[in-house]
Amino acid sequence: MAEVPDNTAVRTALWRAMHVRVDPPPHVLEDEIGLRLVAPDADWRSRPDMDPIGTSGFRASMVARARFVEDLVAEQADHGVAQYVLLGAGLDTFAQRRPEIASRLTVFEIDQPDTQAWKRQRLTELDLGVPDWLRLVPVDFEANQSWWAQLIAAGFEPARPAVVTSTGVSMYLTKETTAATLRQLSALAPGSTLAMTFLLPTDLLAATDRSGLKASEDGARAAGTPFISFYTPQEMQDLAREAGFKATQHVSGTALADRYFTDRTDGLRPSTGEDFLLATT
């Protein structure tokens, strides 16, 4: 069996499950399928990065961004968009949890070959399967394999509108690589939408969240996947417009907190530091 996916993908899946396990309803996102895929040791909730209080802001951020993306995809599907591309899909479980929406689309999940092989095997072992409308697209980024070529080979139709998402990826890429990705995506058919997360420079974070970002940076560096790119909202929007997108919008993490966490009685709220770029062709 292929090696387990990287620590970031596993941690995100476990945080999403922790939200269901430790936070009272209403749940922003209900996802325990990622937990089933990972099948961690019985004491997984005792991991330092699963501390229910100390990591609550990160946990809330993960479910907020996933909920925002899924609301966007559902909205686009209602408007007739029939292709959904996840760049750096990790252990996303939208296709398994929301088949009533996903089956109306062709869903293309792009990630490293080992991750895709592992996920395919786990989906089979759990009797979840890989339906024809779900395409697991392996791309060897380290060998400079073209994700665009692999996407086309998997059946993507560039002449038809699509919604493309990239969450938790841009911080690991050079700004030049992200700019090249944006140029490629700006050539999508008119009516296509991109939702991409980016990390803010430290001085734009709430003071209470800066130590958390530093801890995340240190952990990423220790794992061999350092954060190398941070963007101001204006910089990210300028990058998208320069790449050829017709319209851009900044969606702050604070806006997502207001949308999904207002009136909670437990005080759960996402940490600041990760925002969204929305761009349309």
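The structure reproduced in this document is the subject of the present report.

Definitions and limits used
- The residue numbering used here restarts from 1 in each chain and proceeds along that chain's sequence as written.
- Local features in this predicted model are restricted to residues of pLDDT 70 or higher, and side-chain atom pairs are both shown and tallied only at a pLDDT of 80 or more, whereas totals for entire chains, interfaces and linings draw on every residue.
- Hydrogens are left out, water is left out, and the side-chain values use all remaining heavy atoms of the structure.
- Only DSSP runs of H or I reaching four residues or more are called helices, and only runs of E reaching two or more are called strands; each is numbered from the N terminus.
- The cut-offs for exposure are 20% and 50% of the maximum accessible area for each residue type, with area from a 1.4 Å probe on protein chains only; residues under the lower value are buried, those over the upper are exposed, and the others partly exposed.
- Contacts between residues were defined by any pair of non-hydrogen atoms, one from each residue, lying within 4.5 Å.
- With residues, only the protein chains shown are counted as cover, and all accessible areas are computed by Shrake-Rupley using a 1.4 Å probe.
- Neither His nor the chain ends contribute to the count of charged residues, in which Lys and Arg are positive and Asp and Glu negative.
- A charge is said to be at NZ when it belongs to Lys, at CZ for Arg, at CG for Asp and at CD for Glu.
- We call Phe, Tyr and Trp rings a pair once their centres come within 6.5 Å, taking the six-membered ring for Trp, and we label the pair stacked below 30 degrees between planes, edge-to-face above 60, and tilted otherwise.
- In this analysis the charged atom, NZ for Lys or CZ for Arg, is taken to sit over a ring once it is within 6 Å of the ring centre and within 35 degrees of the ring normal.
- Angles run from 0 to 180 degrees between N-to-C directions of axes, and those axes are lines fitted to C-alpha atoms, restricted for helices to the stretch in contact.
- Geometric relationships in this document are graded by angle, where less than 35 degrees denotes roughly parallel, more than 145 denotes roughly antiparallel, 65 to 115 denotes roughly perpendicular, and other angles denote oblique.
- Helix crossings are classified by the rotation of the near helix relative to the far one: an anticlockwise turn of less than a right angle makes the crossing left-handed, while a clockwise turn makes it right-handed.
- Only Asp, Glu, Lys and Arg are considered charged, only Ala, Val, Leu, Ile, Met, Phe, Trp, Tyr, Cys and Pro nonpolar, and every remaining residue, Gly among them, polar.
- Counted as salt bridges are all cases of a side-chain nitrogen of Lys or Arg within 4 Å of a carboxyl oxygen of Asp or Glu.
- Throughout, nonpolar core names a set of buried Ala, Val, Leu, Ile, Met, Phe, Trp, Tyr and Cys residues whose side chains join them through atoms within 4.5 Å.
- A pair of strands is labelled paired if DSSP reports no fewer than 2 bridges between them.
- Orient the strands so they point away from the viewer; a crossover is then right-handed if the path from the first strand over the helix to the second runs clockwise.

1. Points about the overall build of the protein
Broken down by element type, the protein carries 11 helices and 7 strands. When its C-alpha atoms are laid out on the principal axes, the protein stretches across 45 × 45 × 40 Å. Per-residue burial for the protein yields a buried fraction of 51% across its 281 residues. Nonlocal contacts in the protein, meaning residues at least 24 apart in sequence, comprise 76% of its contacts between residues at least 6 apart. Accessible area of the protein: about 12700 Å², with a carbon and sulfur share of 50%. Computing the positive centroid from 27 side-chain charges and the negative centroid from 38, the protein places the two 2 Å apart.

2. Some points on the packing of aromatic side chains
According to the stated counting rule, one finds 8 aromatic pairs in the structure shown. Where Y84 meets F94, the ring centres are 5.7 Å apart and the plane angle is 85 degrees; that geometry is what we call edge-to-face. Of this pair, Y84 sits in strand 1 (residues 83–87) while F94 sits in helix 4 (residues 94–97), placing them 10 residues apart in sequence. Taking relative accessible area as the criterion, Y84 reaches 1% and is therefore assigned buried. For the pair W147 and W148, a centre-to-centre distance of 5.7 Å together with 90 degrees between the ring planes defines the contact as edge-to-face. For W148, a relative accessible area of 18% gives the class buried. Among the aromatic residues, those joined into a cluster by ring pairs are F108, W147, W148 and F156. We note K175 situated over the ring of Y231; from NZ or CZ to the ring centre the distance is 4.9 Å.

3. Focus on the packing of helix 8 (residues 175–185) against helix 10 (residues 233–243)
Geometry of a packed helix pair, given as the angle between the helix axes and the separation of the axes. Orientation of helix 8 relative to helix 10, taken along the N-to-C sense of each, is 45 degrees, at an axis distance of 8 Å. Between helix 8 and helix 10, the crossing angle belongs to the class labelled oblique. Relative to helix 10, helix 8 is oriented so that their crossing is right-handed. Note on element contacts: helix 10 touches helix 8 through E235, L239, A240 and A243, opposite K175, T178, A179, L182 and R183. In the contact of helix 8 with helix 10, the residues fall into 5 nonpolar, 1 polar and 3 charged.

4. Description of the environment of Y84
Between the C-alpha atoms of Y84 and V73, which are 11 residues apart in sequence, the distance is 7.5 Å. Setting aside its immediate chain neighbours within four residues, Y84 contacts V69, V73, F94, L105, T106, V107, F108, V163 and T165.

5. Observations concerning the pattern of salt bridges
Per the stated rule, a full pass over the model turns up 20 salt bridges. Among the salt bridges present, the one from D71 reaches R67, with a minimum N-O distance of 3.2 Å. Residue D71 and its partner R67 are located together in helix 3 (residues 56–78), separated by 4 residues, close to a single helical turn. Here D71 falls in the partly exposed class, since its relative accessible area comes to 31%. In this structure, R269 engages D258 in a salt bridge whose closest nitrogen and oxygen atoms are separated by 2.6 Å. Remark: D258 occurs in helix 11 (residues 253–261) and R269 occurs in the loop between helix 11 and strand 7 (274–280); sequence separation between them is 11 residues. Given a relative accessible area of 36%, R269 falls into the partly exposed group.

6. Considerations on the nonpolar core
Counting residues in each nonpolar core, the largest one holds 33 residues, and the members touching the most others are Y84, L105, V107 and F261. When contributions to this core are tallied by element, the ones reaching two or more residues are helix 3, strand 1, helix 4, helix 5 (99–102), strand 3 (134–138), helix 11 and strand 7. The element that contributes the greatest number of residues to this core is helix 3, accounting for 10 residues. Residues in contact with V107, not counting those within four places in the same chain, are Y84, L86, A102, W133, L134 and R135. Counting residues in each nonpolar core, the second largest holds 29 residues, with L151, V164, L185 and F198 among its members.

7. Quick look at the pairing of strand 2 (residues 106–111)
Walk down a regular strand and you will see the side chains alternate between the two sheet faces. The buried fraction of strand 2 is high, at 5 of 6 residues. Where strand 1 meets strand 2, 5 bridges bridge the pair, whose relative direction is parallel. Bridge pairing in strand 2 places Y84 opposite V107. In this sheet, strand 3 lies alongside strand 2 in parallel orientation, the contact comprising 5 bridges. What sits directly across from D111, in strand 3, is P138. Handedness of the strand 2-helix 6 (residues 113–125)-strand 3 crossover: right-handed.

8. Comments concerning unusual backbone geometry
Cis rather than trans, the peptide bond between P25 and P26 has omega equal to 5 degrees. Among the structural elements, P26 can be located in the loop between helix 1 (7–22) and helix 2 (33–38). Phi at A39 takes a positive value of approximately 50 degrees, unusual for a residue other than glycine. Note that A39 resides in the loop between helix 2 and helix 3. Even without glycine at this site, D127 takes up a positive phi of about 60 degrees.

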